[in-house]
Amino acid sequence: MGFRCGIVGLPNVGKSTLFNALTQTAAAQAANYPFCTIEPNVGNVGVPDKRLDALAAIAHSAKIIETQLAFVDIAGLVRGASKGEGLGNQFLGNIREVDAIVHVLRCFEDGDVTHVEGKVDPIADAETVEMELMLSDLDSLEKRVPALAKKATQGDKEAKIGAAVLGQALDLLRQGKPARLTQPRDEEEARIFAQAQLLTAKPVLYVCNVDESDAADGNAHSARVFEKAKSEGAEAVVVSAAIEAEIATMPAEDRGEFLAELGLEETGLARVITAGYKLLHLLTFFTVGPKEARAWTVHTGAKAPQAAGEIHTDFERGFIRAETIAYDDYVALGGESGARDAGKLRQEGKEYLVHDGDVMLFRFNV
């Protein structure tokens, strides 16, 4: 499954540079002027997971397949985007298709790189973009909610539910608050709310783009962003797009030493993925064998049949049981055979909640 992240922000904050580095491509043209990116670029990235390498080594797997993460580089938003400024309507439409918003904020000073607002202020930048997203949602709901309310008076049950939950979102937007603060009362309201594809309902990960010298500990600008993220229940990470761009061109064996010299333990990509998984409540399970070791992604709370369905719909439809080994047991006991002999291979049924790191083999009959 992975997840699909839309990279947004004002022009010239480092979005396309970060995209190029993270996806290790030159798909997005990076330049020092607004609207360099017009069509959204999409890059699929294998999610690095050291556990997968360990499992493959034990099982002597011929191939390793990482779960995939899609980054979508969306053009820079500007003030007035909700009214079509700077091709705003097109860009806002691209955001509706993603699972989460990766909001890149400029947290570095550089007189050679212009800023669309004339000053470096990441909080003001974040508020500018958020306001445009809220105005777009507000415009949408001010048309949709009255129509639903009218249908509800005619006995339309779904319209009544929609009017209630989207009406709550509309009230929040009128107060200058994002729609993600809406609290659906049950699964039906949650389904209708999700179908509305509101821009400000998307979870947000703030990426503080800093200079190389601030990559390890951040700076005063990024500290303010972290405070903002904490107050909103969002996530934030510090990344130096310049460093990520350099790492992307480096042989894999040289990256560890380069990061260590900068006081970094992992790449920006790894930090973005970790924060993204936390933000979207995702977890990883594995399938392992001589042909391949593979990582899969499901939402926290997924049951065994749903995990089976990530591999193939027939696995979910004909699910019988899941033979499951915890990652630590698989490694400590030298694989499936050792885990089985030690009584650590479990037979789990349809109600089993998948745990992060589970090594699973699905039995099914269609």
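Here is a short report on the structure shown in this document.

### Here we look at the side chain of S240
Thought 1: Summarising the element assignment, S240 is placed in the loop between strand 7 (235-239) and helix 8 (241-248).
Thought 2: Overall, the relative accessible area of 1% leaves S240 in the buried class.
Thought 3: One polar contact links the side chain of S240 to the main-chain carbonyl oxygen of V210, over a distance of 3.3 Å.
Thought 4: With near-sequence residues (within four places) excluded, S240 lies in contact with N209, V210, D211, E212 and A215.

### Overview of the nonpolar core
Thought 1: Judged by nonpolar contacts, the single largest core of 51 residues is most densely connected at F71, I95, L205, Y206 and V207.
Thought 2: Tallying contributions element by element places helix 10 (residues 268-280) first for this core, with seven residues.
Thought 3: If we ignore the near neighbours within four places in the chain, the residues touching V207 are L18, V102, H103, V104, L105, V237, V239 and V272.
Thought 4: Grouped together as the second largest cluster of nonpolar side chains are 18 residues, M134, L141, L170 and A179 included.

### Here we look at helix 6 (residues 187-195)
Thought 1: Looking only at helix 6, the buried set comprises E189, I192 and F193. Take helix 6 and look down its axis: the buried residues cluster within an arc of 100°, on one side only. Away from its buried face, by an angle of more than 90 degrees, helix 6 presents the exposed residues E187, A194 and Q195.
Thought 2: The elements touched by buried residues of helix 6 are helix 5 (157-174).
Thought 3: The residue sitting at the N-terminus of helix 6 and contributing the capping side-chain oxygen is D186; that oxygen lies 3.2 Å from the backbone nitrogen of E188.
Thought 4: Looking at the residues trailing helix 6, positive phi occurs at Q197, about 50°.

### A look at the environment of A216
Thought 1: Its place among the elements puts A216 in the loop between strand 6 (204-209) and helix 7 (220-232).
Thought 2: With 23 residues separating them along the chain, A216 and V239 place their C-alpha atoms 8.6 Å apart.
Thought 3: Apart from residues no more than four positions distant in its own chain, A216 is found in contact with L262, G263 and L264.

### Topic: unusual backbone geometry
Where the residue is not glycine, phi is negative for most of them; where a peptide bond is considered, it is trans in most cases.
Thought 1: One non-glycine residue, Q197, lies in positive phi territory at about 50°.
Thought 2: Non-glycine residue H281 carries a positive phi angle of around 55°.
Thought 3: Secondary-structure assignment places H281 in the loop between helix 10 and strand 8 (282-288).

### Remarks on the packing of aromatic side chains
Thought 1: Under the defined criterion, the tally for this structure stands at five aromatic pairs.
Thought 2: Summarising the aromatic geometry, the rings of F285 and F362 are spaced 6.1 Å apart at their centres and angled 90° between planes, so their arrangement reads as edge-to-face. With F285 in strand 8 and F362 in strand 12 (residues 359-364), this residue pair connects regions lying 77 residues apart in the sequence. The two residues F285 and F362 agree in class, both being buried.
Thought 3: Residues F286 and Y327 carry aromatic rings whose centres are separated by 6.5 Å and whose planes lie at 45° to one another, so their mutual orientation is tilted. Of this pair, F286 sits in strand 8 while Y327 sits in helix 13 (residues 327-332); the two residues are 41 residues apart in sequence, bridging distant segments of the chain. Accessibility assignment for this pair places F286 and Y327 in one class, buried.
Thought 4: Through pairs of rings, three or more aromatic residues link up here, namely F285, W296, F319 and F362.

### Describing the pairing of strand 1 (residues 4-8)
Thought 1: For strand 1, a buried count of four out of five residues is recorded, marking the element as mostly surrounded by other parts of the structure.
Thought 2: Pairing of strand 1 with strand 4 (residues 68-73), which is carried by four bridges, proceeds in the parallel orientation. Bridge assignment links R4 to a residue of strand 4, and that residue is A70.
Thought 3: Judged from the four bridges that link them, strand 1 and strand 5 (residues 100-106) form a sheet pairing that is parallel. Of the residues in strand 5, the one forming a bridge with G6 is I101.

### Brief notes about a negative patch on the surface
Thought 1: On the surface, a cluster of negative charge is made up of E109, D211, E212 and E246.
Thought 2: Mapped onto the fold, D211 is located in the loop between strand 6 and helix 7.
Thought 3: Assessed through its relative accessible area of 31%, D211 is described here as partly exposed.

### Observations concerning the packing of helix 4 (residues 122-153) against helix 7
Thought 1: Between helix 4 and helix 7, the shortest axis-to-axis distance is 9 Å and the interhelical angle comes to 45°. By the angle class used here, helix 4 and helix 7 are oblique. From helix 4, P122, I123, A126 and E127 reach across to helix 7, where they touch H221, R224, V225 and K228.
Thought 2: Looking at side-chain class alone, the contact of helix 4 with helix 7 contains four nonpolar, one polar and three charged residues.

### Some remarks on the environment of D99
Thought 1: Positionally, D99 belongs in the loop between helix 3 (88-95) and strand 5.
Thought 2: Linking D99 and Q197, residues 98 residues apart in sequence, is a C-alpha distance of 9.8 Å.

What counts, and at which threshold
Residues numbered from 1 in each chain as written. Predicted model: local features only at pLDDT ≥ 70, side-chain atom pairs only at ≥ 80, totals over all residues. Heavy atoms only, no water. Helix = DSSP H or I, 4+ residues; strand = E, 2+ residues; numbered from the N terminus. Buried < 20%, exposed > 50% of the residue type's maximum accessible area, 1.4 Å probe, protein only. Polar contact = N/O pair within 3.5 Å; in protein donor to acceptor, adjacent residues only side chain to side chain. Contact = heavy atoms within 4.5 Å. Core = buried A, V, L, I, M, F, W, Y, C linked by side-chain atoms within 4.5 Å. Arc of directions from axis to C-beta. Phe/Tyr/Trp six-rings, centres within 6.5 Å; stacked < 30°, edge-to-face > 60°. Pairing = 2+ DSSP bridges. Patch = residues over 30% accessible without salt bridge, like charges linked within 9 Å, V, L, I, M, F, W, Y side chains within 5 Å. Areas by Shrake-Rupley, 256 points an atom, 1.4 Å probe, with all protein chains shown as cover. Salt bridge = Lys/Arg side-chain N within 4 Å of Asp/Glu carboxyl O. Lys, Arg positive; Asp, Glu negative; His and termini not counted. Charge placed at Lys NZ, Arg CZ, Asp CG, Glu CD. Axes fitted to C-alpha atoms, helices over the stretch in contact; angles between N-to-C directions. Parallel < 35°, antiparallel > 145°, perpendicular 65-115°, else oblique. Nonpolar A, V, L, I, M, F, W, Y, C, P; charged D, E, K, R; others polar.

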